[in-house]
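# Observations on the three-dimensional arrangement
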Amino acid sequence: MLRGYVGLARIIHVISAFWILMIAVMIIVDVLGRAFFSSPLQGASEIIRNSVVAVTFLQLPLAILSGSMLRTELVSEFLPATGRRVLRTLAFLLGFLLFALIVYADWGPAMVAYRIGEYEGEGALRIPVWPVHIILLFTSVMGAISYLVMIWLDWTNQLEDEIAYPGILAFDREAAAVMGLDGKDSPVQDSEERS
Amino acid sequence: MAVDTVIYMVGLLVLLVLLGFHIAVALAMTSVLGIYLMMGNFDIAVHLLGSAAYEAVRSQTYIVIPLFILMGDFVSKSGTASDLYQACNRVLWRVSGRLAVATVAGNTIFSAVTGVSVAAAAAFSRIAYPEMRRLGYDREYAVGVVAGSACLGMLIPPSLLLIVWAILTEASVGRLFLAGVVPGLFLAILFSAYCIIRAWLKPEIAPNPPTGDAAQPLTSSQILGAVGVLALVLLVIGGLWGGLFTPTEAAAFGTIGAMILGIAKGMRHREIMQAIYSAARTTGPIMILLIAATMYSRLLAMSGAVNFIQGIFLDLGNVFLIIGLITVIWIVLGLLIDSVSIILLTVPIFVPISMSIGLDQTAFAIFGVLVIEAGLLTPPFGLVVYAVKGSVPDREIKLSHIFRGAFPFCLILLLCAFLVLGFPQLSNWLPDFSR
């Protein structure tokens, strides 16, 4: 169950990563089209604008689960284990609240956008905006759940690295993983198997 | 009343951040609470949160962040950092402290294709440090060079910090990028000078290699890597400078160019996936910070707190005192949190202050990035230092070695920062020249 959930977070994360690559290709096609064939890609800028939002939110559930969210651990290092855990739980609860509020706040605009078929762009190419709202709502729900999952993992001693997690050491691992020299199985392979 | 609320909220924010709450979450939630207390209306606060989530990053400019991060990860994964290092090493064959200078030179070029210091720090810890130790270089000297020169990454475009700064102040990303080039090269020269002088004064910390040691010819793959990175630099910075590309377009060409270079260097499915995956993990947390920062700047704007804080600063009267206070605040924050968060928290307040005391805005941006970078080298948070510690293949290295070794670089960064502020031409020359 939990594995499936993390797997889903990984899948949407990888989708978002490929989406960024697609945008790069699209921009290049647009530039070359304008330069050599005087024909820009229709609606490219509308697609890019909306993609940024979608891409960002698709990355968030895994960022939360993998401890990539930026934080400092200056004070918590000096606390006893229980103190750290209580602090982390409070921090996760606030994170849950934030994403719950985002869902609550965007629900209305999303429903309106869907009902009236709100779109962006003009002429032949109209980009509907409701899919972006749907992605935002869906990933925010996942974001909220992810924070609850983190609390559960914490109190059942399942966080990978209790003291530093999710903090500076996560950066180190990331830096090491960037170089592919960490010697561990990279999370990439997991996501490949799942997706 | 409104100002009081904001001051309490900023206090609460600092407390939550110190207690280890996720910075983006703390930023967004204290802003929501602040707006609610000020307006007395929960719906307005929540509505603003919803619109920030949907609208804040919904602009073509923001796509440069994921693109440049992805480009940097492709370059890092492709192993070209090592090629660059070997090539610089060959070129500089008779300089004192050659390997240290080659580290600075390699970093200078490498940072022109990556936007974050951490990637460079990790790469050169693996490549340059063992080489230096093999020739008997002093441990602190070697590790200090690696950590210090990684800071070039945040100044030489594409730089994540400059993108965020430009977005916050509605400045042109392209202009700030070009503004970072000359101070970046200047900083590289200062770093190299330090390495050479140290090695010349105390030859035992950087012994010269036995003759003939540097004479291994480069392999064709190494030449491909080094030339490929230089070509990417030309494509991205040259394209921006020549007005051929907007920053967004330069980022797209750079990303695909880096992927092609990586494939030519032997990256396959696994490595490409690693690069894409690790880029996405860096991007998401930064983007949500930007969304949260939008809420925060709305809170500041609605309450008039910026004017209030500006008043406190301007009451100091003396321009040097004001700049000094700003510098101290940045360095202290650098001890606590990461550089993007520092920029998001302070720039909305400090930039209006710098405007009203008549500082050149482009030079102030470069000054800010340099000071904040200096903070990255200081204990206890010093992100770059931790990245070096995590990647150096030497179990005996302690954090204190790195902090001590990097301290001179920290001072040079500050020196360079004040030079840029004193001589704004350093940062303005290239962008003005390109028009």
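A brief structural summary. Everything quoted here is computed from the prediction, not taken from an experiment.

### A word on the overall build of chain A
When helices and strands are tallied, chain A shows six helices and two strands. Starting at the N terminus, the α and β elements of chain A follow one another as α-α-α-β-β-α-α-α. Within chain A, buried positions represent 52% of all 195 residues. At a minimum sequence separation of 6, the contacts of chain A that also span at least 24 residues come to 77%. Of the roughly 8,900 Å² of accessible surface on chain A, 67% is carried by carbon and sulfur atoms.

### With respect to the overall build of chain B
When its secondary structure is counted, chain B shows 20 helices and zero strands. By the compact-globule yardstick of 22 Å for 435 residues, chain B fits well, its C-alpha radius of gyration being 22 Å. For chain B, the spread of C-alpha atoms along the principal axes amounts to about 75 × 45 × 45 Å. The 435 residues of chain B split such that 63% are buried. Considering only residue pairs separated by 6 or more positions, chain B has 81% of its internal contacts joining residues 24 or more positions apart. A total accessible area of about 15,000 Å² is found for chain B, and carbon and sulfur atoms account for 67% of it.

### Thoughts on the packing of aromatic side chains
The geometry of an aromatic ring pair is captured by two quantities: the separation of the ring centres and the angle between the planes. Tallying each qualifying case throughout the model produces 19 aromatic pairs over all chains. A network of ring pairs unites the aromatic residues B:Trp165, B:Phe313, B:Trp330, B:Phe350, B:Phe364, B:Phe367 and B:Phe418 as a single cluster. In this structure, A:Arg85 packs its charged tip against the face of A:Trp155, placed 5.2 Å from the ring centre.

### Topic: the nonpolar core
If you look at the biggest cluster of nonpolar residues, it comprises 229 residues, and the most contacted ones within it are B:Ile65, B:Phe74, B:Trp165, B:Trp330, B:Phe364 and B:Leu377. If you tally residues by element for this core, the top one is helix H13 (residues 269–303) of chain B, at 19 residues. When sequence neighbours within four positions are dropped, the list of residues in contact with B:Phe74 reads A:Leu21, B:Thr255, B:Ala258, B:Met259, B:Met267, B:Ile272, B:Ala275 and B:Ile276.

### Quick notes on the packing of helix H8 (residues 139–150) of chain B against helix H10 (residues 173–201) of chain B
Helix packing for two helices is described by the angle between their axes and how far apart those axes are. Residues and elements named next belong to chain B. Where H8 meets H10, the axes come as close as 11 Å, and the angle between the chain directions of the two elements is 175°. As far as their axial angle goes, H10 and H8 are roughly antiparallel. The residues of H10 that touch H8, namely those facing Tyr141, Val145, Gly148 and Ser149, are Phe191, Cys195, Arg198 and Ala199.

### Describing the interface of chain B and chain A
Facing the 72 residues of chain B at the interface are 74 residues of chain A. Taken as a group, B:His22, B:Tyr277 and B:Arg281 account for 12% of the area that chain B buries against chain A, more than any other trio of residues on that side. Joining chain B to chain A, the criterion identifies five residue pairs in polar contact (both at pLDDT 80 or more). Elements with a contribution of two residues or more to the side of chain B that touches chain A: helix H1 (2–18), helix H2 (23–39), helix H3 (42–55), helix H4 (64–77), helix H7 (117–134), helix H12 (247–264), H13 and helix H18 (383–391) of chain B.

### A word on a nonpolar patch on the surface
Residues and elements named next belong to chain A. Taken together, the side chains of Val86, Leu90, Leu93, Leu148 and Trp155 make up a nonpolar region of the molecular surface, amounting to roughly 440 Å² of accessible area. Sorting the residues of the nonpolar patch by element identifies helix H3 (81–116) and helix H4 (130–155) as the ones contributing at least two each. A total of three residues in the nonpolar patch trace back to one element, the largest contributor, which is H3. For valine 86, the position within the fold is in helix H3.

### Thoughts on the packing of helix H1 (residues 2–37) of chain A against H4(B)
Contact geometry of H1(A) with H4(B) gives a least axis separation of 10 Å together with a crossing angle of 105°. It follows that H1(A) is roughly perpendicular to H4(B) by the angle criterion. Taken together, the residues of H4(B) that come into contact with H1(A) (itself represented by A:Ile20, A:Leu21, A:Ala24 and A:Ile27) are B:Pro66, B:Leu67, B:Leu70 and B:Phe74. Split by residue class, the contact of H1(A) with H4(B) holds eight nonpolar, no polar and no charged.

### Description of the side chain of B:Ser354
All names here are of chain B. Summarising the element assignment, serine 354 is placed in helix H16 (residues 339–356). Given a relative accessible area of 0%, serine 354 falls into the buried group. Ignoring sequence-local partners within four residues, the contact set of serine 354 consists of Leu359, Gln361 and Phe364.

### Description of the pattern of salt bridges
By the definition in use, this model includes nine salt bridges over all chains. Here A:Asp154 ties to A:Arg85 by a salt bridge, and the two come within 3.4 Å at their closest N and O atoms. Placement of A:Asp154 in helix H4 and of A:Arg85 in helix H3 is noted, with a sequence separation of 69 residues between them. You'll find A:Asp154 and A:Arg85 in the same group, each marked buried. Between A:Arg88 and A:Asp154 there is a salt bridge whose closest N-O contact spans 2.8 Å. Taken together, the residues A:Arg88 in helix H3 and A:Asp154 in helix H4 connect sequence positions 66 residues apart. With respect to class, A:Arg88 is no different from A:Asp154; both count as buried. What you see here is one network of salt bridges that share partners, running through A:Asp30, A:Arg34 and B:Glu249.

Quick notes on the rules
- Residues numbered from 1 in each chain as written.
- Chains lettered and ligands numbered in written order.
- Predicted model: local features only at pLDDT ≥ 70, side-chain atom pairs only at ≥ 80, totals over all residues.
- Heavy atoms only, no water.
- Helix = DSSP H or I, 4+ residues; strand = E, 2+ residues; numbered from the N terminus.
- Buried < 20%, exposed > 50% of the residue type's maximum accessible area, 1.4 Å probe, protein only.
- Contact = heavy atoms within 4.5 Å.
- Areas by Shrake-Rupley, 256 points an atom, 1.4 Å probe, with all protein chains shown as cover.
- Rg over C-alpha atoms; globule rule 2.2 N^0.38 Å.
- Phe/Tyr/Trp six-rings, centres within 6.5 Å; stacked < 30°, edge-to-face > 60°.
- Lys NZ or Arg CZ within 6 Å of the ring centre and 35° of its normal.
- Core = buried A, V, L, I, M, F, W, Y, C linked by side-chain atoms within 4.5 Å.
- Axes fitted to C-alpha atoms, helices over the stretch in contact; angles between N-to-C directions.
- Parallel < 35°, antiparallel > 145°, perpendicular 65-115°, else oblique.
- Buried area = accessible area lost by both parts, 1.4 Å probe.
- Polar contact = N/O pair within 3.5 Å; in protein donor to acceptor, adjacent residues only side chain to side chain.
- Patch = residues over 30% accessible without salt bridge, like charges linked within 9 Å, V, L, I, M, F, W, Y side chains within 5 Å.
- Salt bridge = Lys/Arg side-chain N within 4 Å of Asp/Glu carboxyl O.
- Nonpolar A, V, L, I, M, F, W, Y, C, P; charged D, E, K, R; others polar.

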